[in-house]
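Examining the three-dimensional arrangement
Residue-level listing of the chains:
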Amino acid sequence: NAGVTQTPKFQVLKTGQSMTLQCAQDMNHNSMYWYRQDPGMGLRLIYYSASEGTTDKGEVPNGYNVSRLNKREFSLRLESAAPSQTSVYFCASSERAPGHNGYTFGSGTRLTVV
Amino acid sequence: AQSVTQLDSHVSVSEGTPVLLRCNYSSSYSPSLFWYVQHPNKGLQLLLKYTSAATLVKGINGFEAEFKKSETSFHLTKPSAHMSDAAEYFCVVSEGPGGYNKLIFGAGTRLAVHP
């Protein structure tokens, strides 16, 4: 019963470096999401994928790209990291209508950009 | 557009006393509402959800919340706080009716429980 698995758990990048955050779910959920969490701001949606083969921008997409590799996997890429992207990143998944059952979250990736 | 406001950024209670975490929402539709909890350095866990059934919703660990449409509120309560309740709590509203909807998070309330 793994649920949503995120890797890595911690990462330090230098400004300008790139990296990909990985996310996989084993619940056969259709929809997947990437959020960032910053103090006092709750969680803000970066990108989401309503179903395999589709991706859409959320509230704060600038500086990020995503790939829905298959139904299980949804990755988030930082092409050129900036200090403003220092945050905790959460991946989540849901059935097609999260309004009924909410999300299942991963344990997060703590990213520091120096 | 839907939004959610958590009225207190920090709440501090003594162990064994009641907990009240306040949440107001704005929605053009009949909303789905949730409370999530996040313990330090952990992911988010669903506490309870309201999806247009009973207005008083019971969740895990003794928490409950009451949906009050006239007040556009969905406050979280617990009769007696335990040390293990210390965490951050998020009130969440579903973006729209039916079908596919994103969830919109409040800014969070940090609950401290003192002996």
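What you are looking at is a predicted structure, and each value in this text was computed from that prediction instead of being measured.

**Digging into the overall build of chain B**
Looking only at helices and strands, chain B features zero helices and 12 strands. When the helices and strands of chain B are read in sequence order from the N terminus, they spell out β-β-β-β-β-β-β-β-β-β-β-β. Whereas a compact globule of 115 residues would reach a radius of gyration of roughly 13 Å, chain B reaches 14 Å, a difference of no more than 12%. Across its three principal axes, chain B shows a C-alpha extent of roughly 45 × 30 × 20 Å. In chain B, which comprises 115 residues, the share counted as buried stands at 43%.

**Notes on the interface of chain A and chain B**
Counting residues at the interface gives 24 residues for chain A, matched by 22 residues for chain B. For the pairing of chain A and chain B, the buried interface totals around 1700 Å² over both sides, and the portion due to carbon and sulfur atoms is 56%. Put simply, chain A and chain B have zero salt bridges between them. Linking chain A with chain B are five residue pairs in polar contact (both at pLDDT 80 or more), by the criterion used here. Every element with two or more residues in the side of chain A that touches chain B is listed here: β4 (31-37), β5 (43-49) and α1 (98-101) of chain A. When the residues that make up the side of chain A that touches chain B are grouped by side-chain class, the tally is 12 nonpolar, 10 polar and two charged.

**Considerations on the layout of surface pockets**
The calculated volume of the largest pocket comes to roughly 580 Å³. Lining the largest pocket are 28 residues, with Gln37(A), Val88(A), Arg110(A), Gln38(B) and Asn41(B) sitting closest to its centre. At the level of secondary structure, the elements contributing two or more residues to the lining of the largest pocket comprise β9 (87-94) and β11 (109-113) of chain A together with β10 (87-94) of chain B. Of the residues forming the lining of the largest pocket, the biggest block, three residues, is contributed by β10(B). Class assignment for the residues of the lining of the largest pocket results in nine nonpolar, 13 polar and six charged. Lining the second largest pocket are 15 residues, with Leu43(A), Arg44(A), Leu45(A), Glu59(A) and Ile104(B) positioned closest to its centre. Those elements that provide at least two residues to the lining of the second largest pocket are β5 of chain A together with β11 (103-105) of chain B. Examining the composition of the lining of the second largest pocket, we find that four residues originate from one element, β5(A), more than from any other. For the lining of the second largest pocket, a count of residues per class yields nine nonpolar, two polar and four charged.

**Brief notes about the sheet that holds strand β8 (residues 74-78) of chain A**
Residue and element names in this part refer to chain A. Read from one edge of the open sheet, four strands run β1-β3-β8-β7, paired in antiparallel fashion. Where the open sheet ends on each side, the last strands, each with one partner, are β1 (4-7) and β7 (64-68). Here the average twist between neighbouring strands, direction ignored, is 15°.

**Structural notes on the environment of Arg68(A)**
All names here are of chain A. Mapped onto the elements, Arg-68 comes out in strand β7. Sequence separation between Arg-68 and Ser-51 is 17 residues, and the spatial gap between their C-alpha atoms is 8.6 Å. Apart from the residues lying within four places of it in its own chain, the contact partners of Arg-68 are Gln-25, His-29, Asn-30, Ser-31, Met-32, Ser-49, Ser-51, Glu-52, Gly-53, Thr-55, Glu-73 and Phe-74. Here Asn-30 takes part through its backbone oxygen, which lies 3.0 Å from a polar atom of the side chain of Arg-68. Only 3.0 Å separates the side chain of Arg-68 from the backbone oxygen of Asn-70, close enough to count as a polar contact.

Conventions we followed
- Residues numbered from 1 in each chain as written.
- Chains lettered and ligands numbered in written order.
- Predicted model: local features only at pLDDT ≥ 70, side-chain atom pairs only at ≥ 80, totals over all residues.
- Heavy atoms only, no water.
- Helix = DSSP H or I, 4+ residues; strand = E, 2+ residues; numbered from the N terminus.
- Rg over C-alpha atoms; globule rule 2.2 N^0.38 Å.
- Buried < 20%, exposed > 50% of the residue type's maximum accessible area, 1.4 Å probe, protein only.
- Contact = heavy atoms within 4.5 Å.
- Buried area = accessible area lost by both parts, 1.4 Å probe.
- Salt bridge = Lys/Arg side-chain N within 4 Å of Asp/Glu carboxyl O.
- Polar contact = N/O pair within 3.5 Å; in protein donor to acceptor, adjacent residues only side chain to side chain.
- Nonpolar A, V, L, I, M, F, W, Y, C, P; charged D, E, K, R; others polar.
- 1 Å grid on protein atoms, 1.4 Å probe; cavity = no way out; pocket = protein on both sides within 12 Å on 5 of 7 lines; lining within 4 Å.
- Points joined across faces, edges and corners; volume = space filled by probe spheres on them.
- Pairing = 2+ DSSP bridges.
- Axes fitted to C-alpha atoms, helices over the stretch in contact; angles between N-to-C directions.

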